[in-house]
Amino acid sequence: MFAVSASLVNPANAHGWDDNADEDFFSAMLGGLLPAALWLIYVVGAGRIRPTNNRRLMFHGASLLAVMTMFGSTGGWLDESSTLHMVQHMLILVVIAPLYVLARPLPQWLAVSGRIGIRLWKPFLRLSRHPLRTGILQSLVIWFWHTPVFYNLALASPWWHLAEHLSFAFASGLFWWSILLRRTLTVLPALLLTLMSTGMLGALLTFAQTPFYNDLLNIQDQQLAGLIMWVPGGLFYLLAGGWCSLRLFTKCIPIVDQNSVPGCPSKDAVNTSL
Amino acid sequence: MNTNNETRKTRDALHDEFLKVWGNPRGWHALTIVNHTTVGIRFMVTGGIFFLIGGLLAMLMRTQLALPEQDIIEPKLYDQLFTMHGTVMMFLFAVPVLEGLAMYLIPKMIGARDLVFPRLSAFGYWCYLFGSLILMSSLVLGIAPAGGWFMYTPLTNNVYSPGPNVDFWLLGVTFIEISAVSAGIELTVSILRTRTSGMALLHMPLFCWYILVMALMIVFGFPPLILGSILLELERAVGMPFFDVARGGDPILWQHLFWLFGHPEVYIIFLPAAGIVSTLLPVFSRQPIVGYRWIVLAIISTGFISFGLWVHHMFTVGIPQLAQAFFSMASMLVAIPTGIQLFAWLATLWTGRPVYHVPMLWLVGFLFIFMIGGLTGVMLALVPFNWQVHDTHFVVAHLHYVMVGGMLFPLLAGLYYWLPHFSGRMPSDKLARWGFWLTFVGFNTTFLVMHLTGFLGMPRRVYTYQAGMGWELPNSVSSVGGFIMAMGIAMVLLDIVLHFRFGRPAGSNPWGADTLEWATDTPPQPYNFISLPDCPMRHPMWDQPDLQTTIAEGHHGLSEIDHGRRETWGSDPVSGAIREIIHLPGNSWLPFYSALALSVLCISLLTRTYSMALIAVVASLLLLLSWSWKNCVYLEADSAVKPGYPPLHSRTFNGPGLWGMVVTLLADGALFLAILFGWLYLRVVAPNWQAPDTAPLAWLPLLISGVLLTVATFWHHFIVRRLRAGRDDHLQGQLWGIAVIGLAHCCVFIWAWSASSLVATQTAHDAVIAVILMYQLFHSGLAVIMTALQAKRVAYGYVGKTAPYEIAVVKPWWIYTNAVFWLSFLAVIMLPIAWRSA
């Protein structure tokens, strides 16, 4: 399979949009229309089940960003820099996906889709109980698409490119779902794993001596792309770690009033005892 | 009066009964003791002795540098001195002492009778002791390592460091690190699973949070260095190239592996010390700590951040400038959690009614010194400044401010605070104050001036300097200061020695502290508590002042001892609700003998007598396996528990052993990730990377071998599920079946390896693949052996429906072995096809 897909990459065809502008345009339209459709369903669903204002705001924000990010691939200007490309990936992985999850749009979507939707979601609901598994899945997807052969494949064919972005959105959506909506201790190792695996990939891109991808401006472009994944990308996982810990605490503590501790001895009592 | 006598009598009777089960033997048999109090004290005393030795080495260096152009110490010896000073202070003093303190305190703070794997703690101690002795013997023999405490290649490879010097470091330190990792695993599981009834995570004393995060950082942070040491030793001893540019390696890989460990190490040392501060300040401020939850958050985020910042130790090795800019900025992140803690401490002092006893002196000293260390740290994080002062004495001054301020001062505060707990006596106030002021003044005289020496351009690690460069005055001031500091330390030492004889009896809870460790006797009994109290609160000793009495009179849980078992509560990791009774193993020779066999292995590798090494490997394997066999003989003992009590842990599926296994595999996984990182790093960075045109390994036999492994794993998973459902028919036969399939997997694997065209000494490409294959084979082989032993144990009736515990422990190992196989398959067989550069 690897060999076959590898053979699909035709270096001469690297800037696919030059040759098949139509194909490129349609795939980008489709990429943009998908989140737009989800948006529409949400708006209809929100009429039936009212979300809180915060969630509504988050959903609209995420959708706007998603549509813009996906339409952003039209015109092909993204294909000229790995850095811009990486920014697009990180937007999907650490901004749009968690925002979608935090907005908790499931009730609204399911209000429209009915029973079929519930049946479709069920296996994913089940998988989302295991933060470590979704973390591993997401890491595998990220690594898969950043190996040069598949990255260049996505550059060459707009349809592969769409598949790349959809699988990112899907895997990271699932990951953030299992992280942000679950209050278990395993979210911390899952975040650490993600931090380590994206950090490792970023480090490799940063330190590599040779260019990997067909959309490079120069070697600094690749270094910057790697650093964006490594440092700002990692920061989001770090923040998520802090946020999840805080939430965990509020769950597991029956708090006593801290300021009035009855048995706390007075200063004098201790002085005399010494 | 009569009732008083009665209660005293029952109290003494209980004490005698408990001592029969928990008592420590004397004489030669003291080597068998596994009790955490004894082992913790052994760690601390041994570490303290190494601190004095390390200090002595520093004195020698300061004597040499006091005046220009002295030749008291020749350059070669000087190299050994600074290398050993750093190594001793980092690996033989700082980490073991803090671990020892944690081992001593943690069970007492969480209301447990011992650590969860007592024999492992004893084993860890012996590994530490023997490893340190091997390392120190090199100094006596005059062949000590001389390549700096971070052992950068290529200086430390075979060409530039012939002779056994570097091998002493690599083998000795690895040995000590194994001890550190085992302590990390044990502390993690103990804190999560053995807290007394009702102590939820957020009821734990803050010290436990600090130690929990430190232990997990050891688990994730030490494996990269262990791997680096193994690789460098393989390069030196066998000639497998990893860091040799000509054969496709890269010396910078060593630096990455080293600092991947080295940066977290700074926090591994700082966190427990900060934990001491957070424990002591509220006690002496007479007020609960301000912002408990924010501090916990700060501790956790420090742990996370510290794994992302290693690159800022490498600003001058030629990494891309963009990366320097990013990491310079990212370094500022550390200020946030440290700031949270600092302000919480200040707020606690501000809102409390502080009393200034001796431990508080050391705490104030800590705040002052550590703040300066932090400020120079911010300076060093700025790239241009970093380039300017790189490898000068400024860096030496900075790291001493961080380490001495961030670790030694809080440690001494803690020492003075818990001294009455160790000995039952109070130290002398006058001597203690002399000790503090001499140390404080001496330290600042030495190292504040040393910043200036660095600005004046004096490089580190030079054995002397010419007169007339302007370095004479600051150097002699530093030397004088060093000797003042030594006097201070001597004063502290004198105080400690004298207090055992002349100190006033401390009584119970002399500082009016809030945490459970003060509910034990002072000095503590081996069993810690006669009965284990409910503790759904943060300040048990403040809320229930009579706790010590009620515990000693057996009013709380688990006060039965007539069954003769060493028991403690096993509880839920989050809520602290009781789940089971953990049955702890008792004293044993096995940890001592196993560590002895391993140190024979270490020595024979040093002297390169490989036949001897082989014998030692077999001996230690046999000892460790027989340990695993005998550790569970308690199953033969009476297993009845008092009605109303939860079952013994051997009757459950989710006991401490499973947790220990999972945490061990986390450390193992960190090591494996480091291997994968090395493989990919060399691929994309090494200037002379040579990959053969045809794949060296045939994929089909490997695939078959992998399928066999997966079948075995699934089968094992299946029998655990059946056991859970209460069915154990044909258990033994099934286990044998799994072992046979696993064995077939190993055979196909070995065959695939032997049929390959790998020449491990020729290229880094082949060498790394060989390491991955060895790693896999080790795990597969052990999985087979463990499963076969389980089958035998089923035959003996040790394992089965009523005692399913051990099979559940082996399961994660199979899953992990399977995961490693397929990840290696992806990385070694598939990835090269997909990772062709543009």
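Residues numbered from 1 in each chain as written. Chains lettered and ligands numbered in written order. Predicted model: local features only at pLDDT ≥ 70, side-chain atom pairs only at ≥ 80, totals over all residues.

As annotated in an unreviewed UniProt entry, chain B is cytochrome-c oxidase from Methylotuvimicrobium buryatense. What the UniProt record of chain B gives under Catalytic activity (unreviewed entry) is the line "4 Fe(II)-[cytochrome c] + O2 + 8 H(+)(in) = 4 Fe(III)-[cytochrome c] + 2 H2O + 4 H(+)(out)". (UniProt positions renumbered as here; feature names shortened; annotations may be inferred.)

**Q** Explain the overall build of chain B here, please?
**A** Of regular secondary structure, chain B possesses 24 helices and two strands. Radius of gyration (C-alpha) of chain B: 28 Å, near the 28 Å computed for a compact globule of 838 residues. Principal axes of the C-alpha set define a box for chain B whose edges measure 85 × 85 × 45 Å. Relative to all contacts within chain B whose residues are 6 or more apart in sequence, the contacts with residues 24 or more apart total 83%. (Helix = DSSP H or I, 4+ residues; strand = E, 2+ residues; numbered from the N terminus. Rg over C-alpha atoms; globule rule 2.2 N^0.38 Å. Contact = placed C-beta atoms within 7 Å.)

**Q** Looking at this structure, I do not really get the overall build of chain A. What am I missing?
**A** In terms of helices and strands, chain A carries 13 helices and zero strands. Along its sequence from the N terminus, chain A presents helices and strands in the succession α-α-α-α-α-α-α-α-α-α-α-α-α. Per-residue burial for chain A yields a buried fraction of 42% across its 274 residues. (Buried ≥ 20, exposed ≤ 12 C-beta atoms within 10 Å, placed from the backbone.)

**Q** Would you mind going over the confidence of the model for chain B with me for this structure?
**A** Note that predicted coordinates carrying low pLDDT should not be read in detail. On average, residues of chain B carry a pLDDT of 93, and 98% of them reach 70 or more. With pTM at 0.93, the complex prediction returns an ipTM value of 0.87. (pLDDT = per-residue confidence, 0-100.)

**Q** Mind showing me how you'd approach helix 9 (residues 148-156) of chain A here?
**A** What sets the pattern is the α-helix's 3.6 residues per turn: residues three or four places apart point alike. Judged by how many residues are buried, helix 9 of chain A sits mostly within the fold: nine of nine residues are covered. All of the buried residues along helix 9 of chain A are A:Pro148, A:Val149, A:Phe150, A:Tyr151, A:Asn152, A:Leu153, A:Ala154, A:Leu155 and A:Ala156.

**Q** Sorry, what's going on with the packing of helix 7 (residues 251-285) of chain B against helix 10 (residues 335-351) of chain B here?
**A** Residue and element names in this part refer to chain B. Contact pair helix 7 / helix 10: the axes reach a minimum separation of 9 Å and the direction vectors enclose 15 degrees. Compared by their axis directions, helix 7 and helix 10 come out roughly parallel. Every pair of crossing elements has a handedness; the one defined by helix 7 and helix 10 is left-handed. Here Ala274, Val277, Leu281, Pro282 and Ser285 of helix 7 lie close against helix 10, whose contacting residues are Gln341, Trp345, Thr348 and Leu349. (Axes fitted to C-alpha atoms, helices over the stretch in contact; angles between N-to-C directions. Parallel < 35°, antiparallel > 145°, perpendicular 65-115°, else oblique. Left-handed = near helix turned anticlockwise from the far one by under 90°.)

**Q** Looking at this model, I keep getting lost on the domain arrangement of chain B. Mind explaining?
**A** By a frequent convention, interface size equals the accessible area lost on bringing the separate parts together. Domain boundaries in chain B define domain 1 (1-270 + 536-644) and domain 2 (682-834). The C-alpha centroid of domain 2 of chain B is placed 29 Å from the C-alpha centroid of domain 1 of chain B. (Domains from an automatic or database assignment.)

**Q** I would appreciate a short explanation of the packing of helix 11 (residues 358-380) of chain B against helix 13 (residues 393-423) of chain B in the present structure.
**A** Residues and elements named next belong to chain B. Where helix 11 contacts helix 13, the two axes come as close as 8 Å, and the packing angle between them is 165 degrees. Accordingly, the angle class assigned to the pair helix 11 and helix 13 is roughly antiparallel. As helix 11 packs across helix 13, the resulting crossing turns out to be left-handed. Residues belonging to the contact of helix 11 with helix 13 are distributed by class as follows: 18 nonpolar, seven polar and no charged. (Nonpolar A, V, L, I, M, F, W, Y, C, P; charged D, E, K, R; others polar.)

**Q** Teacher, can you tell me more about the pairing of strand 2 (residues 578-584) of chain B here?
**A** The two faces of the sheet receive side chains in turn, since in a regular strand these alternate between them. Residue and element names in this part refer to chain B. Burial within strand 2 is extensive, with six of its seven residues counted as buried. Strand direction decides the pairing type here: strand 1 (residues 566-571) and strand 2, joined by six bridges, are antiparallel. Bridged to Trp569 within strand 2 is Ile581. In this structure, the hairpin formed by strand 1 and strand 2 is closed by a connection of six residues, where Gly576 is found at a positive phi of approximately 80 degrees. (Pairing = 2+ DSSP bridges.)

**Q** Explain unusual backbone geometry here, please?
**A** Residues and elements named next belong to chain B. Residue Pro154 is bonded to the preceding Thr153 through a cis peptide linkage, with omega at 5 degrees. For Pro154, the position within the fold is in the loop between helix 4 (118-141) and helix 5 (165-193). Residues Thr522 and Pro523 are joined by a peptide bond in cis, for which omega reads -10 degrees. If you trace the backbone, Pro523 turns up in the loop between helix 15 (472-502) and helix 16 (540-543).

**Q** Would you take a moment to explain the confidence of the model for chain A for this structure?
**A** Residue and element names in this part refer to chain A. Taken over all residues, the pLDDT of chain A has a mean of 79, while the share at 70 or more is 80%. Of the regions scoring below 50 in pLDDT, residues 1-18 engages in 28 contacts with residues more than four places distant in sequence or in other chains. Throughout residues 253-274 the model reports pLDDT below 50, and contacts reaching past four residues in sequence, or to other chains, amount to 27 contacts.

**Q** What is the right way to look at helix 7 (residues 115-127) of chain A in this model?
**A** The end-to-end C-alpha separation of helix 7 of chain A is 19 Å, in line with the 18 Å expected for 13 residues at 1.5 Å each. Burial of helix 7 of chain A is sparse: only zero of the 13 residues sit out of reach of the surface. (Expected span 1.5 Å × (residues − 1).)

**Q** Please explain the environment of A:Arg56 as it appears in this structure.
**A** Residues and elements named next belong to chain A. Positionally, Arg56 belongs in helix 4 (residues 53-71). Take Arg56: there are 17 C-beta atoms within 10 Å of it, and that puts it in the partly exposed class. Each C-alpha atom, one on Arg56 and one on Ala46, is 8.4 Å from the other, the two residues being 10 residues apart in sequence. Discounting chain neighbours no more than four positions away, the residues touching Arg56 are Ala46 and Pro51.

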